[in-house]
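Remarks on the overall topology
Okay, here's what each chain looks like letter by letter:
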Amino acid sequence: DVKVTQSSRYLVKRTGEKVFLECVQDMDHENMFWYRQDPGLGLRLIYFSYDVKMKEKGDIPEGYSVSREKKERFSLILESASTNQTSMYLCASSLPGHQFFGPGTRLTVL
Amino acid sequence: AQSVTQPDIHITVSEGASLELRCNYSYGATPYLFWYVQSPGQGLQLLLKYFSGDTLVQGIKGFEAEFKRSQSSFNLRKPSVHWSDAAEYFCAVGAEGSGGGADGLTFGKGTHLIIQP
């Protein structure tokens, strides 16, 4: 089975902190994604990556950056966390036509 | 730009009754369409997908969906729901040229399904 793991299920940070969310997949997928999920808004794409060191902006990239130094790992970075970034963050990796999601990280920014 | 509309925020169904969740999409070319389910505290699980061919698609857990190009719809159905079907359901569309979502999916806002005993 494909496994997508995220480093934390719950995270609490303070405004202005630099935050790293880590995602690892074990199936050698080239494509990886970061979404945020908010009640009443569904999932929105933040960034995605086609390959190592490649990244593309999604629909809501403002306030975020990403890093992909190894194929299996895709990190989401909040350079200076703000309260409006309190959300559920979901990582996914994909084969053509099928995205596999991690369990999510619920981030609270105080 | 592509978009997905799920008109029903909440739906309540009695256990054993039939279910239909609505999904309408906006996309200029042939869409790749997906239904995902998210149980409380869980990640998203793929129920079924449509790329081409037969417009009635069978998925896991007894779900099916029908693609209707003329109505831009991809409604999810189940003939008899179980209490374990209570969850959040998301419809999503991916671009054809991306191999079915290789550059990300566009999701609807979700439908929360409540099962009454």
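Look up: the structure comes first, before these words.
Rules used throughout
- Counting starts from 1 at the beginning of each chain's written sequence and moves along it residue by residue.
- Chain letters and ligand numbers both follow the written order, the letters beginning at A and the numbers at 1.
- Since the coordinates come from a predicted model, pLDDT governs what is reported: local features require at least 70, and pairs of side-chain atoms require 80 or more to be given and counted, while whole-chain, interface and lining totals use all residues.
- Only hydrogens and water are removed before side-chain values are computed, so all heavy atoms of the structure are retained for them.
- Buriedness of a pocket was judged along seven lines, with at least five required to meet protein on both sides within 12 Å; pockets are open sets of points on a 1 Å grid over the protein atoms alone, cavities are sets where a 1.4 Å probe fits but cannot get out, and lining residues have an atom within 4 Å of a point.
- Grid points are joined across faces, edges and corners, and a volume is the space filled by probe spheres set on the points.
- By definition, any uninterrupted DSSP run of H or I lasting at least four residues is a helix, any uninterrupted run of E lasting at least two residues is a strand, and each is numbered from the N terminus.
- Polarity classes work like this: nonpolar for Ala, Val, Leu, Ile, Met, Phe, Trp, Tyr, Cys and Pro, charged for Asp, Glu, Lys and Arg, and polar for all others, with Gly in that last group.
- Any two of the Phe, Tyr and Trp rings considered here, Trp counted by its six-membered ring, make a pair once their centres fall within 6.5 Å; the pair's planes then place it as stacked at under 30 degrees, edge-to-face at over 60, or tilted in between.

As for the layout of surface pockets
When its volume is computed, the largest pocket comes out at roughly 540 Å³. As for the largest pocket, its lining consists of 25 residues, and the residues nearest its centre are Gln37 and Arg106 of chain A together with Gln38, Glu88 and Phe90 of chain B. Within the residue set of the lining of the largest pocket, elements represented by two or more residues are strand S4 (31-38) of chain A together with strand S10 (87-94) of chain B. The element contributing the most residues to the lining of the largest pocket is S10 of chain B, with 3 residues. Considering only enclosed or pocket space, the second largest pocket measures out at about 320 Å³ in volume. Of all the secondary-structure elements, those providing two or more residues to the lining of the second largest pocket are strand S10 (98-101) of chain A together with strand S5 (32-38) and strand S6 (44-50) of chain B. Looking at the lining of the second largest pocket, the element that brings in the most residues is S10 of chain A, giving 4 residues. Grouping the amino acids of the lining of the second largest pocket by side-chain chemistry returns 7 nonpolar, 8 polar and 1 charged.

Notes on the packing of aromatic side chains
Throughout the structure, instances matching the rule amount to 17 aromatic pairs over all chains. When the centroid spacing of 5.7 Å and the interplanar angle of 40° are considered together, the rings of tyrosine 35 of chain A and phenylalanine 101 of chain A count as tilted. Taken as a pair, tyrosine 35 of chain A in strand S4 and phenylalanine 101 of chain A in strand S10 lie far apart in primary sequence, 66 residues in all. Through successive ring pairs, a cluster of aromatic residues spans Phe33, Tyr35, Phe48, Tyr50 and Phe101 of chain A together with Tyr32, Phe34, Tyr36, Phe51, Phe90 and Phe107 of chain B.

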